[in-house]
Amino acid sequence: AAQDRPVAGRIKVASGAAFVVRDGASVPAQAGQVVFESDGIRTGGDGKIGVTLNDDTRLSLGPNSELKLARFTFQPAESRFNLVLKFVSGAATYVSGRIAKLAPDFVRLETPASIIGVRGTTLAIQVQPE
């Protein structure tokens with residue numbers, strides 16, 4: 001169940017068709033809603049969504065987009081860090097947070113065609129349908 005997974009962050013803004021996908025079910029996204037590790041976020045044709053993760057990483061999705069928070073660990077006291085984002089489709093912006101500063105080798109952004117290691121701070125990602 002979601003409660004057993006780490007809380008990854010919160011939705012900051014959601015408009016139009018914007019959803020959190022958890023355990024195969026889509027629920028409408030709302031500002032303030034918690035997102036957990038392994039949740040997905042997805043937008044429809046008029047959807048936009050912005051998420052801030054607990055390490056201050058910021059993600060935003062434009063219309064017809066989807067990403068999955070595959071892994072999220074942010075435990076600075078134990079020096080445990082891990083961030084894996086799977087960009088499934090559409091357009092997204094990523095602004096790195098504290099994991100990328102403290103442990104850049106533990107940040108992985110995956111697209112259907114590539115894996116991006118993060119050395120910068122802001123990326124725009126566009127996944128084209130095949």
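Given the structure is predicted, the values throughout are model-derived calculations rather than measurements. (Residues numbered from 1 in each chain as written. Predicted model: local features only at pLDDT ≥ 70, side-chain atom pairs only at ≥ 80, totals over all residues. Heavy atoms only, no water.)

> Lay out the side chain of Thr 43 with the relevant residues and their values.
Counting through the fold element by element, Thr 43 comes out in strand β5 (residues 40–43). The exposure class assigned to Thr 43 is buried, which follows from its relative accessible area of 4%. There is a polar contact of 3.2 Å between the side chain of Thr 43 and the backbone nitrogen of Asn 64. (Helix = DSSP H or I, 4+ residues; strand = E, 2+ residues; numbered from the N terminus. Buried < 20%, exposed > 50% of the residue type's maximum accessible area, 1.4 Å probe, protein only. Polar contact = N/O pair within 3.5 Å; in protein donor to acceptor, adjacent residues only side chain to side chain.)

> For the environment of Leu 69, give the residues involved together with the corresponding values.
Relative to the elements of secondary structure, Leu 69 occurs in strand β8 (residues 66–75). Residue Leu 69 is classed as buried on the basis of its relative accessible area, which comes to 2%. Taking the C-alpha atoms as reference points, Leu 69 and Ala 103, separated by 34 residues in sequence, lie 18 Å from one another. Beyond its immediate sequence surroundings of up to four residues, Leu 69 is in contact with Ala 8, Val 35, Phe 36, Glu 37, Ser 38, Asp 39, Leu 53, Leu 59, Val 84 and Leu 85. (Contact = heavy atoms within 4.5 Å.)

> Describe in detail the packing of aromatic side chains, supporting the description with residues and values.
Taken as a whole and assessed by the stated rule, the structure comprises one aromatic pair. Considering the side-chain rings of Phe 74 and Phe 81, the 6.0 Å spacing of their centres and the 45° angle between planes classify their relative orientation as tilted. Under the relative-accessibility criterion, Phe 74 is labelled buried at 17%. (Phe/Tyr/Trp six-rings, centres within 6.5 Å; stacked < 30°, edge-to-face > 60°.)

> If you had to explain the environment of Lys 86 to someone new, which residues and values would you point to?
On the secondary structure map, Lys 86 appears in strand β9 (residues 80–95). Under the relative-accessibility criterion, Lys 86 is labelled partly exposed at 36%. Lys 86 has contacts with Glu 66, Leu 67, Lys 68, Ala 70 and Glu 110, leaving out every residue within four places of it along the chain.

> Tell me about the pairing of β8, residues and numbers included.
Where β5 lies against β8, three bridges are found, and the strand directions are antiparallel. Bridging across to β8, Ile 41 finds its partner in Leu 67. Inspection of the sheet shows β8 paired to β9 by nine bridges, in the antiparallel sense. Residue Lys 68 lies in a different strand from β9, and its bridge partner there is Lys 86. Between the antiparallel neighbours β8 and β9 lie four residues, among them Ser 79 with a positive phi of about 55°. (Pairing = 2+ DSSP bridges.)

> Describe in detail unusual backbone geometry, supporting the description with residues and values.
Positive phi is not limited to glycine here, since Asn 64 has a value of about 50°. With respect to the helices and strands, Asn 64 occurs in the loop between β7 (58–61) and β8. In this structure Asn 64 comes out as exposed when scored by relative accessible area, which is 51%. Its identity as a non-glycine residue notwithstanding, Ser 79 has a phi of 55°, on the positive side. Structurally, Ser 79 can be placed in the loop between β8 and β9. The class for Ser 79 is exposed, based on a relative accessible area of 56%.

> Requested: an account of the environment of Ala 92, with residues and values cited.
In this fold, Ala 92 is placed in strand β9. Residue classification places Ala 92 among the buried residues on the basis of a relative accessible area of 7%. Once residues lying within four places of it in the same chain are set aside, the contact partners of Ala 92 are Ser 60, Leu 61, Phe 87, Leu 123, Ala 124 and Ile 125.

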